[in-house]
Amino acid sequence: MSLFLARRLATLLLTLLAASLLVFAVLEVLPGNAAQLLMGPDAAPEAVAALADKLGLNQPAWQRYGQWLLGLLRFDLGLSYAYGSPVAELIAERLALTVPLALLAMVLTTAIALSTGIYAAARHGRPGDTGVMLISQLGIAVPSFWFAILLILLFSVKLQWIPAGGFPGWREAEGGGLWPGLQALILPALALAVVQAAILARITRSAMLEVLREDFMRTARAKGLSPRQALWGHGLRNAMIPVLTVMGLQFANLLAGTIVVENVFYLPGLGRLIFQSIANRDLIVVRNCVLLLAVMVILVNFVVDVLYAWIDPRIKTTEL
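Here's a quick rundown of the structure. What you are looking at is a predicted structure, and each value in this text was computed from that prediction instead of being measured.

**Some thoughts on the overall build of the protein chain**
Right, on to step 1. Within the protein chain, the secondary structure is distributed over 13 helices and zero strands.
Right, on to step 2. In the protein chain, the order of α-helices and β-strands from amino to carboxyl end is α-α-α-α-α-α-α-α-α-α-α-α-α.
Right, on to step 3. Relative to its 320 residues, the protein chain shows a buried fraction of 40%.
Right, on to step 4. A separation of at least 24 residues holds for 73% of the contacts in the protein chain among residues at least 6 apart in sequence.
Right, on to step 5. Total accessible area computed for the protein chain in this model is approximately 17,200 Å², and 67% of it derives from carbon and sulfur atoms.

This is the structure we're talking about:
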């Protein structure tokens, strides 16, 4: 197990290095000049050049990449071109909204998908199974931003149960609190979760049907276990490997989806910060935000790999 984890950690570090290089290279080829954008279209070329030199934009790309990596190792993400404040503080402030939003969406996705997928598998070929498959197909076809608009029209405009957008904050002293904050995230999380839950429900159903046909399930029933006990006690764990694979990928989709959904609901999260920074050509903020999203996705995949080995010990044996 130690060698298995060591190999996975080495792969994790190499993947992070490759991700940082890719993020830096892609942003380097984007058109535009941050100094020109900050100074305005009528600024004198000498003033634009002086600002570019102050921001370090005139340095060679390899030098700026090296300085960025050294800053990451020191947890120094630099200063934002547009805001003039430390990038780490900007990101930390926005993560206080984006992380709870993504986690809430993931919880909703898992709860909806596992319950409906197992329900459909247990009633294979019956009306309940057909209904779940029809609803999941519809959920896959609906874009999250369009579903978000429908939720706003129904719950905010027509029923007026939940505010249409904005975020009051987590602190009661600032007019927010735990419940107002969660209330503001319910609709965005639901908009993110529906499409992902539809996909995961179909995967769960397929995995459960495959497990239900195995000999060990018939043996469990022959030993006197009820269908429910055999399903939850033996079937679910053996069906979780493909489900975990999709869940890891879905968490990446949820993080990426926050960029659109946060703008629909006007939430001051990481996605909105990325959107605003792209508009301002504030590449140092964009670079660190995108790398942070990549790190989150890579870490989730690492955790999924470890869970594989825990669920099925044969995996780490094969790796070794």
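**Examining the nonpolar core**
Right, on to step 1. If you look at the biggest cluster of nonpolar residues, it comprises 52 residues, and the most contacted ones within it are Ile91 and Leu270.
Right, on to step 2. Of all the secondary-structure elements, those providing two or more residues to this core are helix H5 (87-122), helix H7 (144-158), helix H8 (178-212), helix H10 (227-264), helix H11 (270-279) and helix H12 (283-311).
Right, on to step 3. It is H5 that provides the largest number of residues to this core, a total of 13 residues.
Right, on to step 4. With residues up to four places along the chain from it excluded, the contact list for Ile91 reads Leu77, Leu270, Leu273, Asn288, Cys289 and Leu292.

**What to know about the side chain of Arg272**
Right, on to step 1. Mapping Arg272 onto the fold places it in helix H11.
Right, on to step 2. Polar contacts involving the side chain of Arg272 include one to the side chain of Asn263, which spans 2.9 Å.
Right, on to step 3. In contact with Arg272, other than residues within four places in its own chain, are Arg94, Glu262, Asn263, Tyr266 and Leu267.

**Here we look at the environment of Leu192**
Right, on to step 1. Structurally, Leu192 can be placed in helix H8.
Right, on to step 2. Ignoring sequence-local partners within four residues, the contact set of Leu192 consists of Leu101, Ala105, Leu254, Gly257, Thr258 and Val261.

**Focus: unusual backbone geometry**
Right, on to step 1. Not every positive phi belongs to a glycine, and Phe75 is a case in point at roughly 60°.
Right, on to step 2. Looking at the secondary structure, you find Phe75 in the loop between helix H4 (61-73) and H5.

**Here's the deal with the packing of H5 against helix H6 (residues 127-141)**
Right, on to step 1. Running from N to C, H5 and H6 point in directions that differ by 140°, and their axes come no closer than 7 Å. The pairing of H5 with H6 is recorded here as oblique in orientation. You can see that H5 and H6 cross each other, and the crossing is left-handed. Across the interface between the two elements, Thr116, Tyr119 and Ala120 from H5 touch Gly128, Asp129 and Val132 from H6.
Right, on to step 2. Residue classes in the contact of H5 with H6 are distributed as three nonpolar, two polar and one charged.

**Re the packing of aromatic side chains**
Right, on to step 1. Within the structure shown, the criterion is met by four aromatic pairs.
Right, on to step 2. Ring geometry for Phe24 against Trp68: centres 6.2 Å apart, planes inclined by 25°, an arrangement best described as stacked. Of this pair, Phe24 sits in helix H1 (residues 2-28) while Trp68 sits in helix H4; the two residues are 44 residues apart in sequence, bridging distant segments of the chain.
Right, on to step 3. By relative accessible area, which is 4% here, Phe24 ends up buried.

How each quantity is defined
- Residue positions are given per chain, counted from 1 along the sequence in the order it is written.
- Local features in this predicted model are restricted to residues of pLDDT 70 or higher, and side-chain atom pairs are both shown and tallied only at a pLDDT of 80 or more, whereas totals for entire chains, interfaces and linings draw on every residue.
- To get the side-chain values, take all heavy atoms of the structure and skip hydrogens and water.
- Helical segments are the DSSP runs of H or I of at least four residues, strand segments are the runs of E of at least two, and each set is numbered from the N terminus.
- To sort residues, take the accessible area from a 1.4 Å probe on protein chains only and compare it with the maximum for the residue type: under 20% means buried, over 50% means exposed, and anything in between is partly exposed.
- Throughout, a contact is declared for two residues whenever any of their heavy atoms are within 4.5 Å.
- In short, Shrake-Rupley with a 1.4 Å probe defines the accessible areas, and a residue's cover is counted only from the protein chains shown.
- Only buried residues count toward a nonpolar core. Its members are Ala, Val, Leu, Ile, Met, Phe, Trp, Tyr and Cys residues joined through side-chain atoms within 4.5 Å.
- We call two N or O atoms a polar contact when they sit within 3.5 Å, provided that within protein one can donate a hydrogen and the other can accept it, with sequence-adjacent residues counted only if both atoms are side-chain atoms.
- For helices, the fitted axis covers only the stretch in contact; all axes are lines through C-alpha atoms, and the angles between them, taken along N-to-C directions, range from 0 to 180 degrees.
- The labels follow the angle: roughly parallel below 35 degrees, roughly antiparallel above 145, roughly perpendicular from 65 to 115, and oblique for the rest.
- By definition, any crossing whose near helix is turned counterclockwise from its far helix by less than a right angle is left-handed, and any crossing with a clockwise turn is right-handed.
- Any residue outside Ala, Val, Leu, Ile, Met, Phe, Trp, Tyr, Cys, Pro, Asp, Glu, Lys and Arg is labelled polar, Gly included; the first ten of those are nonpolar and the last four are charged.
- Within 6.5 Å between ring centres, the rings of Phe, Tyr and Trp (the latter by its six-membered ring) count as paired, and their orientation is classed by plane angle as stacked under 30 degrees, edge-to-face over 60, tilted in between.

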